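Summary of structural features
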Amino acid sequence: MPEMPMIVIAALAGFSLFSALITYGLGVFVYAQKTTSHIHRLFLAMTLAATYWALGEFFIWQAVDYAESLFWLKASSFWTITIALAVHFIISYTDAIPSRGRQRAILVGSSLYLPAVLFSLIEIFTGWIYVVTYEPGAGYVYLPVLTNPVCWIMLVYYFLIMVWALFASYLSWRRVPEGTIRRQNCLVCIGIAAVIIFGSLSGGVLPVLGIHVPNMVFIGIVIFSVLIAYAIRRYGLFVLSPENAVMDILRTMPDGMVLTDRDERIIAGNRSLMEIFPDIETDYCGRTFSSLIGTDAFESIREAIGADRRVSDFEVILQNGEPRIISITGSIVLDQDEEPVGSVFILRDISDRKASETALRIANEKLSLLSQLTRHDISNLVTALYGYLTFLEEDRSSEASGRYVSLSLTIVDKIILHLRFSREYQEIGMKRPVWQRLETMIDRAASGLPYEVDIRVSVAAVEIYADPLVEKVMYNILENAVRHGESVTNVLIATDEQADGTLVLAFEDDGTGVSDHEKETIFAFGYGKNTGFGLAFSREILSVTGIKIFETGTYGKGARFEIRVPRTGWRPTE
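This write-up is about the structure you can find in this document. (Residues numbered from 1 in each chain as written. Predicted model: local features only at pLDDT ≥ 70, side-chain atom pairs only at ≥ 80, totals over all residues. Heavy atoms only, no water.)

1. Examining the pattern of salt bridges
Considering all chains together, one arrives at seven salt bridges under this definition. A salt bridge links K519 to E551, with the nearest nitrogen and oxygen atoms 2.5 Å apart. In this pair, K519 is assigned in the loop between strand 12 (503-509) and helix 17 (534-543) and E551 in strand 13 (residues 548-551), connecting sequence segments 32 residues apart. A salt bridge links R560 to E562; its shortest N-O distance comes to 2.9 Å. (Salt bridge = Lys/Arg side-chain N within 4 Å of Asp/Glu carboxyl O. Helix = DSSP H or I, 4+ residues; strand = E, 2+ residues; numbered from the N terminus.)

This is the structure we're talking about:
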């Protein structure tokens, strides 16, 4: 039986004490970085358990008799918890088990902690796993009971779960692109491999060869701790990581979140980011932030951050597919030494808000135009009314006085109509555009029509993004068709989706129709036989959200008004 020199045994025993100190210090340091983090707490628990195991090993080899050696062997029987915590840490760090909450807790508890506690209790109350014996040249040592199947079950079990932890780390390393996280995972993977190799030497290889030395697994633990410390210092492990960014909270954010490293490569993002950039792949980690927003925009953001270490409400226009406007707010992420370790950006799609702002601006311009036209027309009418009243004042007994009175009343009626239209349409653009169910708007418009006419509706179940007054557009078209169509008895309202995604809403009647030279002029202010405002304002209301209206019917066969809604202005409903 080979014998190891006492100086080697003493050195390895001292290495156990050194392992206890270094793992304890590393665990406290990592935990202090973020005490609320699940990963940080788990890492602390693992290092404290490793410290406990290393101290137990040290005292075992300091024992001077059988009783003292057996006591410390039994006292350190919960070393199995250390392995359970280590594997649990790897599961959480690599997300090797995607399930969350109770499912993961049950799986981890039943497959890791329950066996760990069971093997510890067996070791405490029986001699099935390890026994203390005296070996010349080495003193009192503990040996695995390789003749007992329980001992073999335990050794094989822990070897397999550690190999699985190594494989999970390897997969995590392989699935991320080149960058900070990949280097972090690589170092963690190497550290786990070192623990397995040195643990296997002491747990199986050396005892079979008859070599009795302190457990060399602590050499692997020290190597693991050194690699973790290097990863923290060099690659921001635990300082800058997806888990440290509180992903469980950010995952529910309505805004997109991007976390980048020093090289501006993405190391984390949330689900809302995928909604803003639906064309990017799920595995966006490793991509540059500039590849999402454009090089020019990124350079502008970097200049702004370089000056103030933050940027706020920076607007970017994305041209992929339908143009969208994105507002970006971001800042530099600093470590405890106030050194930059990366950047975080919050992205919000403000396309709808910008569209609403544009709609309000356009509506205000239209409203201003309405005021000018109304003042001009009423001023003309009041001037004419004044003239007729002057004639009446000069000659009340004249035969023409009745005619002057009749003309004056007609002018007053027109003034009232102008004022009524001004009142009805003064709210154009005063409220934000909203999604409105098309069929409901048509039903309301048709129900208010003061004429007997057969209206057939065959429209898709959709919603239209338009000014709240769009229902009046439906009414104006129907009222205009019946009033001016002379012989209208039927109106067909139908929708048709075009190849480019445009939704065409058509109002088609069987009246006289509109002549070719009037197809555009009927939408001009003041044109027409009634007030001259109905169709003109219908076009203005629709234009608030980019909807267009045209007359495309055939004169003599009936009018056909087409409302063309762009692809972004309508959506199917359930």
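2. Focus on the packing of aromatic side chains
Working definition: an aromatic ring pair is given by the centre-to-centre distance plus the angle between the planes. Applying the stated criterion to the full structure yields 15 aromatic pairs. A centroid spacing of 5.5 Å and a plane angle of 80° characterise the contact between Y130 and Y142, whose relative ring orientation is edge-to-face. Within this pair, whereas Y130 is found in strand 1 (residues 130-135), its partner Y142 is found in strand 2 (residues 139-144), the two being separated by 12 residues in sequence. Taken as a pair, Y130 and Y142 share a single burial class, namely buried. Considering the side-chain rings of F523 and F561, the 6.2 Å spacing of their centres and the 85° angle between planes classify their relative orientation as edge-to-face. (Phe/Tyr/Trp six-rings, centres within 6.5 Å; stacked < 30°, edge-to-face > 60°. Buried < 20%, exposed > 50% of the residue type's maximum accessible area, 1.4 Å probe, protein only.)

3. A closer look at empty space enclosed by the protein
All told, the structure shown has one cavity of 30 Å³ or more when counted by the stated rule. Within this model, the largest cavity holds a volume of roughly 40 Å³. If you go around the largest cavity, the residues you meet are L438, I464, V470, M474, L505, L542, I547, I563 and V565. Considering only residue class, the lining of the largest cavity consists of nine nonpolar, no polar and no charged. (1 Å grid on protein atoms, 1.4 Å probe; cavity = no way out; pocket = protein on both sides within 12 Å on 5 of 7 lines; lining within 4 Å. Points joined across faces, edges and corners; volume = space filled by probe spheres on them. Nonpolar A, V, L, I, M, F, W, Y, C, P; charged D, E, K, R; others polar.)

4. Quick word on the nonpolar core
Counting residues in hydrophobic clusters, the biggest one holds 68 residues, and the most contacted among them are F43, F89, I228 and F238. Discounting residues that sit within four places of it in the chain, I228 has contacts with L26, F43, V188, L237 and F238. (Core = buried A, V, L, I, M, F, W, Y, C linked by side-chain atoms within 4.5 Å. Contact = heavy atoms within 4.5 Å.)

5. Here we look at the side chain of K519
Overall, the relative accessible area of 16% leaves K519 in the buried class. A distance of 2.6 Å separates the side chain of K519 from the backbone oxygen of G553, its partner in a polar contact. When sequence neighbours within four positions are dropped, the list of residues in contact with K519 reads V514, E551, T552 and G553. (Polar contact = N/O pair within 3.5 Å; in protein donor to acceptor, adjacent residues only side chain to side chain.)

6. Here we look at the pairing of strand 12
When you tally the buried positions in strand 12, you get six out of seven residues, the bulk of the element. The loop that links strand 11 (residues 490-497) with its antiparallel partner strand 12 comprises five residues; one of these, G501, has a positive phi angle of about 95°. In the sheet, strand 12 pairs with strand 14 (residues 560-565) via six bridges, with the strands oriented antiparallel. Across the sheet, residue L505 finds its bridge partner in strand 14, namely I563. (Pairing = 2+ DSSP bridges.)

7. Examining the pairing of strand 14
Here strand 13 pairs with strand 14 via four bridges, running antiparallel. Across the sheet, the residue bridging to I549 is I563, located in strand 14.

8. Remarks on the environment of L492
By the secondary structure assignment, L492 is in strand 11. Expressed as a C-alpha distance, the spacing of L492 and D454, which sit 38 residues apart in the sequence, is 8.5 Å. Setting aside residues up to four positions removed in sequence, L492 forms contacts with R456, A506, F507 and E508.

9. With respect to the sheet that holds strand 8 (residues 434-437)
Hydrogen bonds between backbone atoms are what pair the strands of a sheet, whose relative direction is either parallel or antiparallel. One open sheet accounts for three strands, arranged 8-10-15; its pairing is antiparallel. The open sheet terminates on both sides in strands that have one partner only, identified here as strand 8 and strand 15 (570-572). Between one strand axis and the next, the sheet turns by 30° as a mean value, whatever way the strands run. Pairing geometry for strand 10 (residues 462-466) and strand 15, over three bridges, is antiparallel. Bridge pairing in strand 15 places I464 opposite W570. The strands that helix 15 (residues 438-447) touches are strand 8 and strand 10; relative to strand 8, the one it contacts most, it runs at about 70°. (Axes fitted to C-alpha atoms, helices over the stretch in contact; angles between N-to-C directions.)

10. So, the sheet that holds strand 5 (residues 310-318)
The antiparallel open sheet is built from five strands, whose spatial order is 4-3-7-6-5. Of all the strands in the sheet, the pair left with one neighbour each is strand 4 (266-269) and strand 5. This sheet shows a mean twist of 25° between the axes of neighbouring strands, independent of strand direction. The pairing of strand 3 (residues 256-260) with strand 7 (residues 340-349) spans five bridges and is classified as antiparallel. Within the sheet, the bridge partner assigned to T260 lies in strand 7 and is S343.

11. Quick notes on the environment of I276
Among the secondary structure elements, I276 is positioned in helix 10 (residues 271-276). Sequence separation of I276 and L347 is 71 residues, and the distance between their C-alpha atoms is 8.2 Å. Excluding residues within four positions of it along the chain, I276 makes contact with G256, R324, I326, L347, R348 and D349.

12. Thoughts on helix 15
For helix 15, every residue scored as buried is listed here: L438, M441, I442 and A445. On an axial view of helix 15, the arc spanned by its buried residues comes to 95°, and they lie on one face. Of the exposed residues in helix 15, those oriented more than 90 degrees away from the buried face are R444 and S447. (Arc of directions from axis to C-beta.)

13. So, the packing of helix 2 (residues 38-60) against helix 4 (residues 79-94)
Between helix 2 and helix 4, the shortest axis-to-axis distance is 9 Å and the interhelical angle comes to 155°. Here helix 2 is positioned roughly antiparallel relative to helix 4, judged by the angle of their axes. You can see that helix 2 and helix 4 cross each other, and the crossing is left-handed. Listed contacts from helix 4 to H38, I39, L42, F43, A45, M46, A49, A50, Y52 and W53 of helix 2 are W79, T82, L85, A86, H88, F89, S92 and Y93. Residues belonging to the contact of helix 2 with helix 4 are distributed by class as follows: 14 nonpolar, four polar and no charged. (Parallel < 35°, antiparallel > 145°, perpendicular 65-115°, else oblique. Left-handed = near helix turned anticlockwise from the far one by under 90°.)

14. Points about the packing of helix 2 against helix 8 (residues 217-235)
Where helix 2 contacts helix 8, the two axes come as close as 11 Å, and the packing angle between them is 150°. In the packing of helix 2 onto helix 8, the handedness of the crossing is left-handed. Between helix 2, through F43, M46, A50, W53, A54 and E57, and helix 8, the contact on the second element is made entirely by V217, F218, I221, F224 and I228. Along the lines of polarity and charge, the residues of the contact of helix 2 with helix 8 split into 10 nonpolar, no polar and one charged.

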